[in-house]
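Report on the structure
Listed below, chain by chain, are the residues.
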Amino acid sequence: MFDFLKQYYPVFVEGTAQTIIISIIGIMIGILLGLIFVMMRLSKIKFLSYIARVYIAIVRGTPAMIQVMLIYYTLSKVLEVPQIQFLGSGLDRVIPGSIALGINSGAYTAEIFRSGIISISNGQTEAGLSLGLSDRTTMFSIVLPQAVRNILPALGNEFISLVKESSVLFYIGVQEVTAQALGVGGTLYDFVPPLIVAALIYFVLTFILSQLMQLLEKKMGRKYLRSN
Amino acid sequence: MSAGESIIEVSSLKKAFGDNVVLKDISFDVKKSEKVVLIGPSGSGKSTLLRCLNRLEDDYEGKVLFEGENVNGASKEKLRLLRQKMGMVFQQFNLFPHKTVLENITFSPIKLKIATPQEAIAHAHELLKQVDLSEKADAYPQSLSGGQQQRVAIARALAMNPEVMLFDEPTSALDPEMVGDVLGVMERLAKNGMTMIIVTHEMSFAQNIADKVLFMDDGMIADSGTAKHIFKETNNTRTQSFLSKVM
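An account of the accompanying structure is given in this report.

Rules and cut-offs
Residues numbered from 1 in each chain as written. Chains lettered and ligands numbered in written order. Predicted model: local features only at pLDDT ≥ 70, side-chain atom pairs only at ≥ 80, totals over all residues. Heavy atoms only, no water. 1 Å grid on protein atoms, 1.4 Å probe; cavity = no way out; pocket = protein on both sides within 12 Å on 5 of 7 lines; lining within 4 Å. Points joined across faces, edges and corners; volume = space filled by probe spheres on them. Helix = DSSP H or I, 4+ residues; strand = E, 2+ residues; numbered from the N terminus. Nonpolar A, V, L, I, M, F, W, Y, C, P; charged D, E, K, R; others polar. Buried < 20%, exposed > 50% of the residue type's maximum accessible area, 1.4 Å probe, protein only. Pairing = 2+ DSSP bridges.

**Points about the layout of surface pockets**
Of the volumes computed, that of the largest pocket is approximately 1,200 Å³. For the lining of the largest pocket, the secondary-structure elements that each account for two or more residues are α4 (91-119), α5 (122-130) and α6 (135-165) of chain A together with α2 (76-84) of chain B. It is α6(A) that provides the largest number of residues to the lining of the largest pocket, a total of six residues. A class-by-class count of the residues in the lining of the largest pocket yields 14 nonpolar, six polar and nine charged. Roughly 230 Å³ of volume is contained in the second largest pocket. Along the walls of the second largest pocket sit T19(A), I20(A), S23(A), I24(A), I27(A), V163(A), L205(A), I208(A), L209(A) and L212(A), which together make up its complete lining. Elements that contribute at least two residues to the lining of the second largest pocket include exactly α1 (4-41) and α8 (192-223) of chain A. A total of five residues in the lining of the second largest pocket trace back to one element, the largest contributor, which is α1(A). Class assignment for the residues of the lining of the second largest pocket results in eight nonpolar, two polar and no charged.

Written out as structure tokens, the structure reads:
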């Protein structure tokens, strides 16, 4: 059933590499946007808070596939990306695609950050301020590091779902794992075996990711208990 | 600044949370090296008053002067400098759980460039010695008892070389056997001439340490004077009735 892999495995390797790369870029943009938007969301300036709420509402309330296509078609009109091939896809697709993943993830990440920040007692902020620290230092050096520790499990979930949802970039022609599997299926006139391979690849990727997150959680948890 | 001069002056301070008026026209002053103790029933506004002094509570009416500078009118930058001179110790300690004891103490002096890292670390070890926790420098707060955490919190505030120390019910969250250690550290601090403003329910401690006691009731200073006046001589019926309940 999986004999085709002998011939087509390079295609899957390429697709896997592409999926990993768009996921990493998407996660990084998502974290960055999440941080920016959570600061806006919690800002005392009403206008900034409002913008952040609108962004979060729109991203959460519309399908990722439509977001990706809208961003791709809009960006391709505005941005001049050279048609360089990268792991089987044009950069003019990979770049807007990764950005779209990041914009989508940023909304969820912002909400996760917000839940983490709210979970830290106000006393931590007050202790920082009472020492003469600025609002910014108190947030970035005192509150956020603790918040991040509390939200690691939720953040891990978000990263895992981003890896899986990166398959929507198939719709704009990025040759990631799903696209490659469908391509192979088309040549074989049988979609089931290549899709099973694709599913296995996603499973392995997300499994590794979840193990890494657990390791990080354990490491951070242990450290805080050190007694001398 | 010579002894006997006011370091903090509060005049006509009023603070409300929405419709709930918590402080109604408070005026008093604190002289250098003076120990002022705030006592009174829960909800009388003691903690709020203390928190107005370094503007953890904002939006109040009236005036708070620290070394002649207006606290409530200060710009953000100015306020940060004023806060550095007013160390605060909280009921819930509020140590930074993601930093070691040493890092808790050295973080602000280093960040605010008040000391080089070497100086800050040396100072921190000295302060830890003063609060009898030298061996805990590399521990994380979660591994310490409440009393130990509170002593670290005192050391952390002292690391900024403050002119005044504000204590907001520093022993209220502690197990009874821990209270003595913390009060001991505070007594030593008092002997060394630190200006202190203390909100507390420890009446015998208040009696021993206070140069001036303010009895607060319903958002006002209902009675004030020396410890001897408040605890022995006052004719104020509200003070008497409060003290009879807590002593």
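Read on, since the account is not over.
**Overview of the pairing of strand β9 (residues 212-217) of chain B**
All names here are of chain B. Most of β9 sits inside the fold, with six of its six residues counted as buried. Of the two faces of β9, both are covered, the one formed by K212, L214 and M216 as well as the one formed by V213, F215 and D217. Summarising the sheet, strand β3 (residues 35-39) and β9 pair through four bridges and their orientation is parallel. Each residue of the ladder has a partner; that of V37, found in β9, is V213. Two strands pair when backbone bridges link them, and β9 and strand β10 (residues 220-225) are joined in this way by five bridges, in the antiparallel orientation. Residue pairing across strands places M216 opposite I221, the latter belonging to β10. Here β9 folds back onto β10 in antiparallel fashion, the turn holding two residues, of which D218 has a positive phi close to 55°.

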